Amino acid sequence: LIDGDAPATAPASGAASDLPEAAGREPGGAPADYFTGPTRGSLAGDDDFLDGVTALPWAAEPPVRAADGTILYYLPDPPVEARRVVFAGDVPGGRWALVVGGTPRGAAEATGVPPEVVPTDTLAAAWFTGPPGATADQMTLANEPSTISTDWPAALTDPRNGVLVVVAAPGDAVEVSQRPMIDAEGQTSREWRPVETDDGIAVTRVSPFPRPYDGSTSYRVLRGGRLEARDMPWSIFYEELVDQPLPIEYPRGRPGGLGDQAARFAAANVLGELGLSTAQVTVRAPWVGALPNGGDGQAAVVTITLPSGAVVVTSQWLMPQQPDGSYTGGFCGQSVLPAGPPAERRVHALACEVVDGTPGAPMSTDLVVVAPPEVALVRTYDGDRVFLSEHSTRDGVLVVPMPLGTDTVEAVTAGGVTLGRVDLLGNAVDFGD
């Protein structure tokens, strides 16, 4: 069943905690199993297609290894006889199928990896997709197989066309939220709209835009008016969209390639979680540069002004690209600020923990303060508002090893005017999931 004419938007009902929790249980209290029973979907009666999809290779990923080569985790393909098709159907623009299978005891023996790193007696799932009218041999693996819980629904979305399939239990109601909304006060909420289901399967759409993955859509499942589950769907990943153009303003001058990449990673992460396009926001990187203990790495502070006027501040550090094409890095902090002065007129402070990439190198923490150019001094204070240190800035920027205990900073102009104290950025922002 395709939900093409869903109601515009259900009244905003806030976070999932607004509804009574049922934790994936039927009204009588027994856990619900979302993956037993007959195959569902428009292709449920096509035995040849179902048999073909069941036998498709899962292309198990290589074992996850530690830096010393030790195998940490490995999920082998479930035996074909232990698989079943939960959903198979036509969706807008193609055909999708959800296949699940058990990982039996003894699976490690056939892989040659230590048995303790192979999950056993668990259920694994894989989504397959194909073009309209695809035969089974035209279906391809859409995501990396993963273990799942039998009492938790499954869902997949395609960011290119906005198609979303949610597999719930027969009789369940499904609601979808396309993205979180951040108001002028910096508060996050979601609007939920009910979508049609057929035998517990919801096939619907959200607005697409070019992105490598869908990090903004959320769904929830209700049974008898009670919340059973709320989650984000698995997403098809399009690697070719990772480096798509992302306009960023650099008020202190355009950085080199690695610094530019750090800024793009930081901005793309936020835009992906908020489901916004670059046309809807203003993205600036007021500072990009090296950290005292960051080796060859670069860090970037990025501000994203949202349609409401609220500002997301985020920071990313990045080491040079590895021979295999991967990057090592991490986030230095993230906060949402209410609408007010332009982002470039505010003071942003963060603690950035980095490792320079040298084997055995310790973790170090640096303080980064990015303020308007007229700021000449930065003072640091601990959680009890006790003065710790004072530092001169360069063009309104301070980058120094973190004074122990720093909780807030104060920016002071060359004329002695204080711009007030600001907290360090938080570790991460809860964008409503």
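Everything quoted here is computed from the prediction, not taken from an experiment.

Chemist: Even after reading the chapter, I still don't get the pairing of strand S24 (residues 375–381), so can you show me in this structure?
Modeler: Pairing analysis gives 6 bridges linking S24 to strand S27 (residues 408–413), with the strands arranged antiparallel. Across the sheet, residue Arg 379 finds its bridge partner in S27, namely Glu 410. In terms of strand pairing, S24 meets strand S25 (residues 387–392) through 5 bridges, oriented antiparallel. Residue pairing across strands places Arg 379 opposite Glu 390, the latter belonging to S25.

Chemist: What am I meant to see in the sheet that holds strand S20 (residues 311–318) here?
Modeler: Pairing between the strands of a sheet is mediated by backbone hydrogen bonds and can be parallel or antiparallel. Pairing is antiparallel in the open sheet, where 4 strands are placed in the order S18-S19-S20-S21. Looking at strand neighbours, the two that pair on one side only are strand S18 (282–289) and strand S21 (329–337), the edges of this open sheet. If you compare each strand with its neighbour and ignore which way they point, the axes differ by 15° on average. The sheet contact formed by strand S19 (residues 298–305) and S20 spans 8 bridges and is antiparallel. Within S20, the position partnered with Thr 305 by the bridge is Val 311.

Chemist: What exactly am I supposed to notice about the confidence of the model for the protein here?
Modeler: Regions with low pLDDT should not have their predicted coordinates read in detail. Confidence along the protein averages 86 in pLDDT terms, with 84% of residues attaining 70 or more. At the level of individual helices and strands, the protein shows its lowest average pLDDT in helix H2 (residues 107–111), which scores 59, and its highest in strand S9 (residues 163–167), which scores 98. Low pLDDT, under 50, characterises residues 1–31; the predicted model gives this stretch 65 contacts beyond four residues in sequence or across chains.

Chemist: Would you take a moment to explain helix H3 (residues 257–274) for this structure?
Modeler: Because an α-helix packs 3.6 residues into every turn, residues spaced three or four apart end up facing the same way. An ideal rise of 1.5 Å per residue puts 26 Å on 18 residues; H3 measures up with 26 Å between its terminal C-alpha atoms. With 14 of its 18 residues buried, H3 lies for the most part within the structure. Just beyond H3, the residue with positive phi is Gly 275, at close to 65°.

Chemist: Help me understand the pairing of strand S10 (residues 173–177), please; the structure alone is not making it clear to me.
Modeler: The two faces of the sheet receive side chains in turn, since in a regular strand these alternate between them. Taking burial as the measure, the 5 residues of S10 include 4 buried ones, the bulk of the element. In this sheet, strand S15 (residues 218–223) lies alongside S10 in antiparallel orientation, the contact comprising 5 bridges. Counted as the bridge partner of Ser 177 is Ser 218 from S15. As paired strands, S10 and strand S13 (residues 193–195) are joined by 3 bridges and run antiparallel to one another. Considered in S13, the bridge of Glu 175 is made with Pro 194.

Chemist: Looking at this structure, how should I read the packing of aromatic side chains?
Modeler: In this description, a pair of aromatic rings is defined by centroid distance and the angle of the planes. Evaluation of the coordinates by the stated rule reveals 5 aromatic pairs. Between Phe 87 and Trp 127, the aromatic rings sit 6.5 Å apart at their centres with planes inclined by 55°, giving tilted as the arrangement. Of this pair, Phe 87 sits in strand S3 (residues 83–91) while Trp 127 sits in strand S5 (residues 122–130); the two residues are 40 residues apart in sequence, bridging distant segments of the chain. For the pair shown, Phe 87 and Trp 127 are each scored as buried. On the numbers, 6.3 Å between centres and 75° between planes, the contact of Trp 96 with Trp 127 is edge-to-face. In this pair, Trp 96 sits in strand S4 (residues 94–103) while Trp 127 sits in strand S5, placing the two residues 31 residues apart along the sequence. In this structure, Trp 96 and Trp 127 share a single accessibility class: buried. In textbook terms, an aromatic cluster arises when at least three aromatic residues are bridged by ring pairs, as seen for Phe 87, Trp 96 and Trp 127. Taking the ring centre of Phe 49 as reference, the NZ or CZ of Arg 95 above it sits at 5.5 Å. Looking at Arg 211, its charged tip hangs above the ring of Phe 209, at a distance of 4.2 Å from the centre.

Analysis parameters
- Residue positions are given per chain, counted from 1 along the sequence in the order it is written.
- Residue-level local features of this predicted model are given only where pLDDT is at least 70; pairs of side-chain atoms are given and counted only at 80 or more, and the full residue set underlies all totals for whole chains, interfaces and linings.
- Neither water nor hydrogens contribute to the side-chain values; these are computed over all heavy atoms in the structure.
- Should DSSP find at least two bridges between two strands, the strands are taken to pair.
- The helix and strand labels rest on DSSP assignments: H or I over at least four residues marks a helix, E over at least two residues marks a strand, and numbering proceeds from the N terminus.
- Between the N-to-C directions of two axes lies an angle of 0 to 180 degrees, each axis being a line fitted to C-alpha atoms and, for a helix, fitted only over the stretch in contact.
- Per residue, pLDDT captures the predictor's confidence, and it can take any value from 0 to 100.
- Contacts between residues were defined by any pair of non-hydrogen atoms, one from each residue, lying within 4.5 Å.
- Here the expected length of a helix is defined as 1.5 Å per residue gap, with one fewer gap than residues.
- In this scheme, a residue with accessible area under 20% of its type's maximum is buried, one over 50% is exposed, and one in between is partly exposed, where area comes from a 1.4 Å probe on protein chains only.
- Only the six-membered ring of Trp is used, alongside the rings of Phe and Tyr, when aromatic pairs are assigned; centres must lie within 6.5 Å, and planes under 30 degrees apart are stacked while those over 60 apart are edge-to-face, with the rest tilted.
- Think of it as a cone above the ring: NZ of Lys or CZ of Arg counts as a charge over the ring if it is within 6 Å of the ring centre and within 35 degrees of the ring normal.

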